[in-house]
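Close look at the chain arrangement
Here are the chains, one letter per residue:
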Amino acid sequence: METEYPSNTALYRELAGQEGTTFSRRFRRHEQFDTSTTTVAPFRRTAILALHGGGIEVGTSELCLGIAGYSPADAAGAPVLPTTHDYWMFEGLLSAGNRDLHVTSKNCDDHVALATAAGHLNVLSLHGCTFDQLQLPTATYPPAGDRRMAVVGGRNKAFRTALVTELNAAGFPAIDSLAPAWATLLTEYNGDHAANPCNRTMLGMGAQLELTTELRKSLFDDPDSRGGRASSWNGDFVKFRDACRRAIATVEAGQPLL
């Protein structure tokens, strides 16, 4: 394929009948209701997205499930954490060439993905890149040869700040792509386009993580196959997952029920 699909709709039309073999879509929207006339029931405020999961940007599907509160090895089963989030993901299932299934974030028009984003105050969208694509200044990066890096983007500054703080505290190098020091260099990875699903929330803003290959692979003992990743998530995966969940909790704490 010479160019990537211009939209999810175009991909679904061209690959009609290939869902489950070439690509897949998975999502979970939790049932919630309020039958009381005197109280306000809690509602889920944050959704997790992986627009390029499976073999496209490896590790993002598993992180999507983990941050949402589920085991990557048993997404259809019971939650493994007490608080869960809605999620949506698109996954490449090919043995090779999954990059051909990539749809640029701002061109995502999957109706479930967009409805999921629009129904939440916050979205955390997970993506993958290579370290070299970031073109960070070689005099500073990578420190001690560490090519793990999380580039934090999206229009929600408070969310970005919380993610950078929590990820660095957990031992994962993270930078705010929209901070003055990085804004010019990382424009391709800052997730600030209004049509990016991470920003198509009820608030018109959200957060995005661009994670280098080295960071994503470090979260699994067997990172090079779909089954291996699902069953071999390790202690660093848990640390990364929990750092993201703490950032979400920080943002949600500033969004009280009214």
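Residues numbered from 1 in each chain as written. Predicted model: local features only at pLDDT ≥ 70, side-chain atom pairs only at ≥ 80, totals over all residues. Heavy atoms only, no water.

Let's talk about the side chain of E252
Relative to the helices and strands, E252 is located in helix α8 (residues 235-253). One buried charged residue, E252, forms no salt bridge at all, with the nearest opposite charge on R45 at 5.0 Å. With near-sequence residues (within four places) excluded, E252 lies in contact with R45, T46, H85 and N122. (Helix = DSSP H or I, 4+ residues; strand = E, 2+ residues; numbered from the N terminus. Buried < 20%, exposed > 50% of the residue type's maximum accessible area, 1.4 Å probe, protein only. Lys, Arg positive; Asp, Glu negative; His and termini not counted. Salt bridge = Lys/Arg side-chain N within 4 Å of Asp/Glu carboxyl O. Contact = heavy atoms within 4.5 Å.)

Some thoughts on unusual backbone geometry
Residue Y141 is joined to P142 through a cis peptide bond whose omega torsion reads 0°. Position of P142 relative to the elements: it lies in the loop between α4 (131-134) and β5 (150-153). In this structure, Q135 is a non-glycine residue whose phi angle is positive, near 50°. Inspection of the secondary structure puts Q135 in the loop between α4 and β5. Backbone geometry at A144 places phi at a positive 55°, although glycine is not the residue there. With respect to the element layout, A144 can be found in the loop between α4 and β5. A relative accessible area of 91% means that A144 is categorised as exposed.

Some remarks on the pairing of strand β7 (residues 207-212)
Judged by how many residues are buried, β7 sits mostly within the fold: six of six residues are covered. Where burial is concerned, the two faces of β7 agree: the one with A207, L209 and L211 and the one with Q208, E210 and T212 are both buried. Pairing analysis gives six bridges linking strand β4 (residues 122-129) to β7, with the strands arranged parallel. Across the sheet, L126 pairs through a bridge with L209, a residue of β7. Direction of pairing for β5 relative to β7: antiparallel, over a ladder of four bridges. (Pairing = 2+ DSSP bridges.)

Examining α8
Along an α-helix, residues three or four apart share an orientation, since each turn contains 3.6 residues. Its 19 residues give α8 an end-to-end C-alpha distance of 27 Å, which sits within 8% of 27 Å, the value for a rise of 1.5 Å per residue. What α8 keeps buried is the set F237, F240, R241, A243, C244, R245, A247, I248, V251 and E252. Packed against the buried residues of α8 are β2 (46-54), α2 (60-68), β4, α5 (157-169), β7 and α6 (213-218). Taking the backbone nitrogen of D236 as reference, a side-chain oxygen 3.0 Å away marks N234 as the first, capping residue of α8. (Expected span 1.5 Å × (residues − 1). Polar contact = N/O pair within 3.5 Å; in protein donor to acceptor, adjacent residues only side chain to side chain.)

Everything listed is a geometric property; what it means functionally is a separate question.
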